[in-house]
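# Examination of the molecular architecture
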Amino acid sequence: MSIKCVWLEIFTVILKSLVLYVEYKAEVLPEFEAVLGSTANLPCQVPQRPPESGIKCIFWYKDDEVMSVYTVDAREGGQNTLHVPSDKLRSRASFDPSPWPPVLKMVSVKEGDAGVYYCRVDYRWDRTYMYTVVLKVIAEVLPEFEAVLGSTANLPCQVPQRPPESGIKCIFWYKDDEVMSVYTVDAREGGQNTLHVPSDKLRSRASFDPSPWPPVLKMVSVKEGDAGVYYCRVDYRWDRTYMYTVVLKVIVPPQKLVILNEHDEEIIGTAGPYLEGQSVKLTCEAIGGKPSPFLSWWRCQDPLKGGIPVSSHGQVRSDYIFIPRRSDLRTTLTYETSFHSSRLRYSRKRPFNFPSDPLDQGSKRHCRIKVTKQLSPPPRDTG
């Protein structure tokens, strides 16, 4: 065989190896799905080794992160085995080695949990094995609750109702990505010895009422920073742990409501006078507010067709153009703001006051629009 043929054969073998390697690397990884806020179970499907191989350590890695997201240190063995989750998973992850394959469990799954996970198992008397899985997080609409700034919010812990013999041990409320709970109920001692421990942020504003079902976390004097995703975790003595996720939205009313005339001047007291039959333009403007409020015009209890509200630089404006008639005497014209399902009325009344002096019925009358500022307080409890 010529040298040329030998090199050609070697090249062919190398090429086949590369093809096999590329095909192997392109293999579809096993995928697992979890709904946002639910529980994900990721198996570590390494080859099952005999007990004498002796598991030393198990590491879970995510994507390109250098540090493990979960570590099981079994070098001491038995009850001395250490489970060390990362800060991101601190209160949400556990590892169960009893089934086969062993499972990494994550509760209250977040969007950022999606990714590629690598399970590495180090043995005392065997080689190291790796297993790779993909976690996909499916977005689902979480239950939302709204509260007006300064009012009261009621967040339910809607976990499955368990029989009394299950025995509630602890209830934890977490917020967003915070590692420490914002509210803890320690019922390990039971009865009057049950401890309620709010965080410093909620110290004097939060309480937990376990008497209704579902039990409720109540927050008074709600602040803008209270908005976020809350996770309720219930640990039982003789049952599994349950989690429930809710979203709290805090509605911030406008800082100021003003009435403007056709020259964009704020009306204080009385506007006009206007000639009867003359076209009049009023503008209501809401400054601030989160989310942006919707403005509407009303005549007594009847809605009016005002201009389409326009938002710009944190302000919302809506115009109402009308022609005063004699029948408008003592009619109340108001505008209001509303926020989605939470409706807050901030009314300013504008009665039409005609002169008391009787004038010739055939002559035109002048009217003045008296503007009285009346600000209705928001409801105290929108939970």
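Throughout, a residue's number is its position along its own chain's written sequence, starting from 1. Note on the predicted model: pLDDT of at least 70 is required for a residue's local features to be given, and 80 or more for side-chain atom pairs to be given and counted; whole-chain, interface and lining totals, by contrast, use all residues. Water and hydrogen atoms were dropped before computing side-chain values, which therefore reflect all heavy atoms in the structure.

If you check an unreviewed UniProt entry, the chain appears there as Ig-like domain-containing protein from Nephila pilipes.

### Description of the state of the cysteines
A pair of cysteine sulfur atoms is labelled a disulfide when the two atoms are within 2.5 Å. Per the counting criterion, the structure on display carries two disulfides. Each disulfide pairs two cysteine sulfurs, and for C44 the partner residue is C119, the sulfurs being separated by 1.9 Å. Measuring the twist about the S-S bond at about -80 degrees, one finds the C44-C119 disulfide to be left-handed. Of the two residues, C44 sits in the loop between β2 (40–43) and β3 (55–62) while C119 sits in strand β8 (residues 115–123), which places them 75 residues apart along the sequence. Disulfide partner of C157: C232, at an S-S distance of 1.9 Å. In this structure the cystine formed by C157 and C232 twists about its S-S bond by roughly -80 degrees; its chirality is therefore left-handed. Remark: C232 occurs in strand β17 (residues 228–236) and C157 occurs in the loop between β11 (153–156) and β12 (168–175); sequence separation between them is 75 residues. For C232, a relative accessible area of 0% puts it in the buried group. Along the chain, the cysteines engaged in disulfide bonds are linked according to the scheme 1-2, 3-4 when indexed in sequence order. Numbered from the N terminus, helices here are DSSP runs of H or I no shorter than four residues, and strands are runs of E no shorter than two. A simple rule labels every residue: compare its accessible area, found with a 1.4 Å probe on the protein chains alone, to the largest value its type can have, and call it buried under 20%, exposed over 50%, or partly exposed in between.

### Side note on the sheet that holds β3
We treat two strands as partners when DSSP finds at least two bridges between them. Overall, mixed pairing links the six strands, which are arranged β1-β9-β8-β3-β4-β5 in an open sheet. A single partner strand is all that each edge strand has here, and the edge strands are β1 (31–35) and β5 (82–85). Neighbouring strand axes in the sheet, compared pairwise and without regard to direction, differ in orientation by 20 degrees on average. Of the strand pairs in this sheet, strand β4 (residues 70–73) and β5 are connected by four bridges, and their pairing is antiparallel. The residue of β5 that forms the bridge with D73 is L82. Interaxial angles span 0 to 180 degrees and are taken between N-to-C directions of axes, which are lines fitted to C-alpha atoms, for helices over the stretch in contact.

### So, the sheet that holds strand β18 (residues 242–251)
Within a beta sheet, neighbouring strands are joined by backbone hydrogen bonds and run either parallel or antiparallel to one another. Strand order in the open sheet formed by six strands is β10-β18-β17-β12-β13-β14, and the pairing between neighbours is mixed. Each having just a single partner strand, β10 (144–148) and β14 (195–198) make up the two edges of the open sheet. Here the strands of the sheet are splayed against their neighbours by 20 degrees on average, with no regard to which way each runs. For β17 and β18, the ladder comprises seven bridges, and the chain directions are antiparallel. Bridge pairing in β18 places G228 opposite L248.

### Notes on the side chain of T245
Mapped onto the elements of the fold, T245 is located in strand β18. Its relative accessible area of 5% is what places T245 among the buried residues. Not counting residues up to four positions away in its chain, the partners in contact with T245 are G37, S108, L142, P143, V229, Y230 and Y231. In this analysis, two residues are considered to be in contact whenever any of their non-hydrogen atoms come within 4.5 Å of each other.

### Side note on the packing of aromatic side chains
For Phe, Tyr and Trp, rings pair up if their centres lie within 6.5 Å, where Trp contributes its six-membered ring, and each pair is then called stacked (planes under 30 degrees apart), edge-to-face (over 60) or tilted (otherwise). For the structure shown, the criterion picks out six aromatic pairs. When the ring of Y70 is compared with that of F95, the centres are 6.4 Å apart and the planes differ by 35 degrees; the resulting orientation is tilted. In this pair, Y70 sits in strand β4 while F95 sits in strand β6 (residues 93–96), placing the two residues 25 residues apart along the sequence. For the pair Y70 and F95, a shared accessibility class is recorded, and that class is buried. With a centroid separation of 6.4 Å and an interplanar angle of 35 degrees, the aromatic rings of Y183 and F208 are classed as tilted. Here Y183, found in strand β13 (residues 183–186), pairs with F208, found in strand β15 (residues 206–209); they are 25 residues apart in sequence, far enough to count as distant. Note on Y183: relative accessible area 3%, which makes it buried. Among the residues examined, F208 registers a relative accessible area of 7% and is labelled buried. Two conditions define a charge sitting above a ring: the NZ of Lys or the CZ of Arg must be within 6 Å of the ring centre, and it must be within 35 degrees of the ring normal. Between the NZ or CZ atom of R127 and the centre of the ring of Y129, over which it lies, the distance is 4.2 Å. Here the guanidinium or amino end of R240 rests over the ring plane of Y242, the centre of that ring lying 4.3 Å away.

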